[in-house]
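Single-letter residue listing:
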Amino acid sequence: DQSIIMSESICRLLTWATKTLKDGGIENPQLDAEVLLAHILKKERISLYLDSNKLLEKDLELKYKSLIEDRLKHKPVNYIVGHKEFMSLDFIVNEKVLIPRPETEILVETVCKIGRSNSTVLELGTGSGAISVSLAKYKQDWKFVATDISYQALFIASENARIHNVFERIKFIQTNLFDGLSKRKLYDWVVSNPPYIPTGDLDTLPDDIKNYEPNIALDGGKDGLDIIKQILIQSSEILKTDGHLAIEIGYGQSNKIFDFAKALGTYSHCFTVNDYAGIPRVFCCKLRRI
């Protein structure tokens, strides 16, 4: 009968991991060390300090060290642990989908605030499903169509919808933007967090993003506005009268988007909502009555 081999204490492992990550140029070494150990032990981070002198089994220590190795290669913590919190809900994530960002919560909150009861929503490029699933969770009488070009992303989005018990109200469709969607005016909302990073800026992104997150969800073309312009042009064909459009946008893009929407002549009531850093992050407008 092989006895379990015990190894380092929690406290010593955390100290080692924090120093290793710091020396490796990782931005929040202590936080990452804690999150990854809590994940391995299936505990809350606070309990690491309550049990700091507890010895770990050798196999758990080895598992932990391999996660620290992953993090040293700049693999994002959320991909390593396989989930991310968004709008106070927990979402499965992997390298097939973008990691949901706090800024995107502003998009969800804006739509929640303005949206009327029984709204129908089309989300373009749903990724992990964070936007549609959150909206469906907070707006129980709304219905959704969520599209993505990636079959793997839709698989994760539908899993997240099941976990949060909103799967029945979201129809998932694999398609590129509006391709194959009915041209009838079915929607009160079109929402999207589209790719909006200019192609030339992709190389300047942190390794965590450029080496791991899906490029197709980041690259917005030469000025970052390729997809946003397509959405503005085509949404007017499928929005109901008084329907709204809400898009997450990038730094320094709001004026160009305002000008483009104005030139189209199909929208009114254009406004932006700032993120926590004071940057215009959500562009919103309403279909003009003809």
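To keep things clear, this report deals only with the structure shown in the data block. No experiment lies behind these values; they were computed from the predicted model shown.

What to know about the overall build of the chain
Reasoning step 1: Scanning the chain from N- to C-terminus turns up 11 helices and 11 strands.
Reasoning step 2: For the chain, the share of sequence-separated contacts (at least 6 apart) that also reach a separation of at least 24 residues comes to 68%.
Reasoning step 3: Total accessible area on the chain stands at roughly 14,800 Å², and carbon and sulfur atoms take up 51% of it.
Reasoning step 4: Side-chain charges in the chain split into 37 positive and 39 negative, and the spacing between the mean points of these groups amounts to 6 Å.

Regarding the packing of aromatic side chains
Reasoning step 1: As enumerated under the stated definition, the model contains four aromatic pairs in all.
Reasoning step 2: A cation over a ring is seen here: Lys65 above Trp16, with NZ or CZ 5.1 Å from the ring centre.
Reasoning step 3: Taking NZ or CZ as reference, Arg162 lies 4.1 Å from the ring centre of Phe167, over its face.

A word on the pairing of strand β10 (residues 267-274)
Reasoning step 1: Bridge analysis of β10 against strand β11 (residues 280-287) gives six bridges, and the strand direction is antiparallel. Looking at the pairing, Val273 lines up with Val282 of β11.
Reasoning step 2: Hairpin connection of β10 to β11: five residues between the antiparallel strands, including Gly278 at a positive phi of 80°.

Here's the deal with helix α8 (residues 151-163)
A turn of α-helix holds 3.6 residues, and therefore any two residues three or four places apart point the same way.
Reasoning step 1: Its 13 residues place the ends of α8 19 Å apart at the C-alpha level, agreeing with the 18 Å of an ideal helix rising 1.5 Å per residue.
Reasoning step 2: Among the residues making up α8, those that are buried are Ala153, Leu154, Ile156, Ala157, Ser158, Asn160 and Ala161.
Reasoning step 3: A distance of 3.3 Å separates the backbone nitrogen of Gln152 from a side-chain oxygen at the start of α8, and that oxygen is part of Ser150.
Reasoning step 4: The positive-phi residue at the C-terminal boundary of α8 is Asn165, with phi of around 60°.

Digging into the pairing of strand β9 (residues 239-248)
Reasoning step 1: The buried fraction of β9 is high, at eight of 10 residues.
Reasoning step 2: Where β9 and β11 come together, five bridges link them in antiparallel fashion. Each residue of the ladder has a partner; that of Glu248, found in β11, is Val282.

Calculation rules
Residues numbered from 1 in each chain as written. Predicted model: local features only at pLDDT ≥ 70, side-chain atom pairs only at ≥ 80, totals over all residues. Heavy atoms only, no water. Helix = DSSP H or I, 4+ residues; strand = E, 2+ residues; numbered from the N terminus. Contact = heavy atoms within 4.5 Å. Areas by Shrake-Rupley, 256 points an atom, 1.4 Å probe, with all protein chains shown as cover. Lys, Arg positive; Asp, Glu negative; His and termini not counted. Charge placed at Lys NZ, Arg CZ, Asp CG, Glu CD. Phe/Tyr/Trp six-rings, centres within 6.5 Å; stacked < 30°, edge-to-face > 60°. Lys NZ or Arg CZ within 6 Å of the ring centre and 35° of its normal. Pairing = 2+ DSSP bridges. Expected span 1.5 Å × (residues − 1). Buried < 20%, exposed > 50% of the residue type's maximum accessible area, 1.4 Å probe, protein only. Polar contact = N/O pair within 3.5 Å; in protein donor to acceptor, adjacent residues only side chain to side chain.

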